[in-house]
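The chain contents come next:
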Amino acid sequence: MKHSILAFEVCARMDQTPGLHAALMGRLRAHPPNASFQQKWQYHAETSATLLAHLGAFELGCWDYFDDDTRAQADFKMWVNGMLSEEGARPGPLGGDPYRGEPRYLTYTMAFLMAQGSPTDMIVRQVCNIPEPHLWARASFQRILSNINQLSFSSIKGDVAYVIPRDPTWALTQQDLREPKFHYLRRIT
Amino acid sequence: MTQPHDSSTPFTRDALVDKPGIHGARWWHQALEDRGAQVARRTAIRGMLLAAAAIAGFGTLLAVCANSLDTGPDAKEVRKTALQLQREFGWNFGAVGEALVFDGTRALPYKPASLVTLATDAAPKSAAHQPFYLRTLFEAPYARPTLIATLPAEEIQGFQPLFTALRPMVTPAMETAYLRAQGLAALFADKDAKVALVVDLPGPEAVAFAAGLAHAFDPVMLFDNWPHPRGVVRAHHTLAAAAYYQPLLASAGAERAPSAPPAFVLDRDRLATYIDDAKQFDNRYAAKLPPAAALKALGVLHVLYVVPTGAEARMEKDDINDDFLAYAAAGLEVRSLPANLFAPMHAGDETYAYGGSPDSQHAFFLDYPWAPPGGTATLRPGNLGKDYTPRARRTSFSTGTGATGNRPRPTGFGTVPIMVAVGTGAVLGARHSRSGSWNRSSGGWGGG
């Protein structure tokens, strides 16, 4: 079976998105270890709806769709390793209240390894067929989020989802986001 | 941390990170790798696809699939002729919303409605020449896709006829080509040279050249493709050039003598290099010249192949090698002519002469002795085309024998990869290799 991948990540200031971090963490923690298609769909549909409610607050983000099999598998592994290696996480807490003072940030990441050529892949391909000038447009992120509920998990081989940070005191700073490891995040216009 | 697998819960969490700085997990759907287990389900889906296709459009089809059991490759990749796809699904199939780029040109005000008559205005006026005319390109501006209703709603709503994206253009190269052609046409005025021209210049210049000839020759346009935002052949430039010269082509056609000889007009970029399915749309095509017998029936004895410069004068494009060999075998004399041999007769002059001088102007019919020279020539330009004759060459586009039957073409030539439903054959969309806001190969995460 050949694969394709959809990856999506957004970054928002926590004080501009009250309730978002708690909602994302709550949904992720509630996700059962063993999940049915319906449970997978419900998790991602509800999470995407939550993100859409805060669409205007996202400052940075990126998304990718590939239907090259080798690339899709390698990229999925890369996104997973990004989580396992905790690469994006701070090495320690900064302390303080992330909702006051210096801006503090959260990121939410999701990636789907799909069966290439499946109807779900076709939907995603269509959704992601976005002209280059609009790649970083807020409307493009909205378009993708709005269509996550079109995914059928019977043709998704694996998915990964993570929130940075888990604990609010470990929230990212502007300085953190300026590090090279976050350069893939682009300003959403 | 792998969890036991249960068929009712096909996704198993096989990685979990629960640290203060990050919380996340990966879930894995191992059963999806068991392709044998998918067969029965895939058959069921095929049935659903068939039923859905019978009762609804593409959007509904996808919605049905998305909300149903959805396993395995129920779509497959096939290649389809680019032009056919465009006729069925729109000139910008797979690239709705992407703009045509008219860089480096002058845009002029015009009435888009005038393009309705472009195919007629650009048509040859001689009834004997009309069977060879290809109006393909000129039909594109107002074409309505025949199957667009089967595409998703956003594709239908996003589609705009080509005329809305088109504007006339003229470039310095076109203006020069026009003047060169006028210089050539002037030489043939009042002469029965029994010649047919084959103009093989880059699209916009070919159109301009045809316009410059149009009072003395009957242009027979052979542009057999449509523009596309990712087109390998920038046919929109050719079309925009035709829009610019449309009034002139129409008026010249009305004034032209019915006996004017034919000038077959080709886009020299029709075989442009094609590299990437994802970034390019293969709207290339091979030339369709009249057979030798047809030219002879028109009274043609000489074929003059017009190329940009002397560098191109010794060899024709690969796709017309067999045609030219056939012409030669039938007794037609084939020679080439570098268009740049026509230059201003005097500095700053808009009158172009063969060899760029009044002293070489009349050398033309010494180099091509098909009619008496109109005067004396004291200069002879260096012309690599006057001694040209076609030589047999076996290429990706030619047999090297002059055969008139099926000719070779590179695999996939002029076709586009698309995805179709396995069960129904319905076109699901263009195949793209990637899209995204950032190419992760450039850096970022170090994993993988």
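That block above? That's the structure.
Note that the coordinates shown come from a computational prediction; the quantities given were computed from them, not determined experimentally.

Criteria and thresholds
Here the residue numbers are simple positions, counted from 1 along each chain's written sequence. Note on labels: chains are lettered from A, ligands numbered from 1, in written order. With the structure being a predicted model, the display of local features is reserved for residues of pLDDT at least 70 and the display and counting of side-chain atom pairs for 80 or more, all residues being used for whole-chain, interface and lining totals. Here the side-chain values reflect all heavy atoms present in the structure, with hydrogen atoms and water set aside. The numbering of helices and of strands both runs from the N terminus, where a helix is a DSSP run of H or I of at least 4 residues and a strand a run of E of at least 2. The classification of residues rests on relative accessible area computed with a 1.4 Å probe and restricted to protein chains. Under 20% of the type maximum is buried, over 50% is exposed, and intermediate values are partly exposed. Note on definitions: a residue-residue contact is assigned when non-hydrogen atoms from the two residues lie within 4.5 Å. To be clear on the numbers: accessible area is Shrake-Rupley with a 1.4 Å probe, and residue cover counts the displayed protein chains and nothing else. For our purposes a nonpolar core is just a set of buried Ala, Val, Leu, Ile, Met, Phe, Trp, Tyr and Cys residues, chained together by side-chain atoms within 4.5 Å. In this analysis an axis means a line fitted to C-alpha atoms, helices contributing only their contacting stretch, and an angle means the value between N-to-C directions, from 0 to 180 degrees. Handedness of a crossing follows from how the near helix is turned relative to the far one, being left-handed for an anticlockwise turn of less than a right angle and right-handed for a clockwise one. Note that Gly is not counted as nonpolar here; it falls among the polar residues with everything else outside the nonpolar set of Ala, Val, Leu, Ile, Met, Phe, Trp, Tyr, Cys and Pro and the charged set of Asp, Glu, Lys and Arg. Expected span of a helix, by definition, is 1.5 Å for each gap between consecutive residues, and there is one gap fewer than residues. What sets the label is the angle itself: under 35 degrees gives roughly parallel, over 145 gives roughly antiparallel, 65 to 115 gives roughly perpendicular, and the rest give oblique. A pair of strands is treated as paired once DSSP finds two or more bridges between them. Every case where a carboxyl oxygen of Asp or Glu lies within 4 Å of a side-chain nitrogen of Lys or Arg is listed as a salt bridge. Ring pairs are drawn from Phe, Tyr and Trp, using the six-membered ring of Trp, whenever the two centres fall within 6.5 Å, and their geometry is named by plane angle: stacked under 30 degrees, edge-to-face over 60, tilted for the rest. In our convention, an over-ring charge means Lys NZ or Arg CZ found within 6 Å of a ring centre and within 35 degrees of that ring's normal.

Summing up its helical and strand segments, chain A has six helices and seven strands in all. Buried positions account for 62% of the 189 residues belonging to chain A. In chain A, the proportion of contacts linking residues at least 24 apart, taken out of those at least 6 apart, comes to 88%. Counting only carbon and sulfur atoms, one obtains 51% of the accessible surface of chain A, whose full area is about 6,500 Å².

Moving on to unusual backbone geometry. Cis rather than trans, the peptide bond between A:Ile164 and A:Pro165 has omega equal to 0°. Although it is not a glycine, B:Asp190 sits at a positive phi angle of roughly 65°. Positionally, B:Asp190 belongs in the loop between helix H7 (172-188) and strand S6 (195-201). Positive phi, normally seen in glycine, also occurs at B:Lys194, with a value near 50°. Counting through the fold element by element, B:Lys194 comes out in the loop between H7 and S6. B:Lys194 sits in the partly exposed class, given a relative accessible area of 37%.

Turning our eyes to something else, we now look at the nonpolar core. Counting 96 residues, the largest nonpolar core has B:Phe138, B:Phe209, B:Leu213, B:Leu337 and B:Phe364 as its most contacted members. Sequence-distant contacts of B:Phe138, defined by excluding residues within four places in its chain, comprise B:Leu118, B:Ala119, B:Ala122, B:Tyr133, B:Met221, B:Phe223, B:Leu239 and B:Ala242. By size, the runner-up hydrophobic cluster in this structure holds 41 residues, among which are A:Ala12, A:Tyr108, A:Val127 and A:Ile148.

Any two packed helices are characterised by how steeply their axes cross, that is the angle between the axes, and by the distance between the axes. Residue and element names in this part refer to chain B. Running from N to C, H7 and helix H8 (residues 203-213) point in directions that differ by 35°, and their axes come no closer than 7 Å. Our pair here, H7 against H8, has a crossing hand that is right-handed. Of the residues in H8, those in contact with Ala-173, Met-174, Ala-177, Tyr-178, Arg-180, Ala-181, Gln-182, Leu-184 and Ala-185 of H7 are Pro-204, Glu-205, Ala-208, Phe-209, Ala-211, Gly-212 and Leu-213. Its residues assigned to classes, the contact of H7 with H8 comprises 12 nonpolar, two polar and two charged.

Along its 17 residues, helix H2 (residues 37-53) of chain A runs 24 Å from first to last C-alpha, staying within 8% of the 24 Å computed at 1.5 Å per residue. Here H2(A) has its buried residues at A:Lys40, A:Tyr43, A:His44, A:Ala45, A:Thr47, A:Ser48, A:Thr50 and A:Leu51.

With that out of the way, let us pick up the packing of H2(A) against helix H5 (residues 138-147) of chain A. All names here are of chain A. Orientation of H2 relative to H5, taken along the N-to-C sense of each, is 155°, at an axis distance of 8 Å. Between H2 and H5, the interaxial angle falls into the category roughly antiparallel. Of the two possible hands of crossing, H2 and H5 adopt the one that is left-handed. The residues of H5 that touch H2, namely those facing Ser-48, Leu-51 and Leu-52, are Gln-142, Leu-145 and Ser-146.

For the rest of this paragraph, the subject is the sheet that holds strand S8 (residues 262-267) of chain B. All names here are of chain B. What the five strands build is an open sheet, ordered S7-S8-S6-S9-S10; its pairing is parallel. Each edge of the sheet is formed by a strand with only one pairing partner; in this case those strands are strand S7 (218-221) and strand S10 (333-338). On average, adjacent strands in this sheet sit at an angle of 25° to one another, irrespective of strand direction. Helix-sheet contacts for helix H11 (residues 321-329) involve S6, strand S9 (302-307) and S10, and the interaxial angle to S10 is about 130°.

All names here are of chain B. By the definition in use, this model includes 29 salt bridges over all chains. Its salt-bridge partner being Arg-256, residue Asp-218 comes within 2.7 Å of it at the nearest N-O pair. Residue Asp-218 is found in strand S7, and its partner Arg-256 is found in the loop between helix H9 (235-255) and S8; the two are separated by 38 residues along the sequence. Each of the two residues, Asp-218 as well as Arg-256, counts as buried.

Quick look at the environment of B:Leu162 now. Here B:Leu162 shows up in the loop between helix H6 (153-158) and strand S5 (169-170). As for B:Leu162 and B:Tyr142, which are separated by 20 residues in sequence, their C-alpha atoms are 6.5 Å apart.

What follows covers the packing of aromatic side chains. For the coordinates displayed, the defined rule picks out 24 aromatic pairs over all chains. Judged by centre distance (6.3 Å) and plane angle (50°), the ring pair of B:Phe342 and B:Phe364 falls under tilted. Placement of the pair is B:Phe342 in strand S11 (residues 342-344) and B:Phe364 in helix H12 (residues 364-367), with a sequence separation of 22 residues. For the pair formed by B:Phe342 and B:Phe364, the shared burial category is buried. An aromatic cluster of three or more residues is present, and its members are B:Phe188, B:Phe217, B:Phe342, B:Tyr354, B:Phe364, B:Phe365, B:Tyr368 and B:Trp370. For the cation-ring pair, A:Lys40 lies above B:Phe11, with the distance from its terminal atom to the ring centre recorded as 5.4 Å. The cationic tip of B:Arg26 hangs over the ring face of B:Trp28; the distance from NZ or CZ to the ring centre is 5.2 Å.

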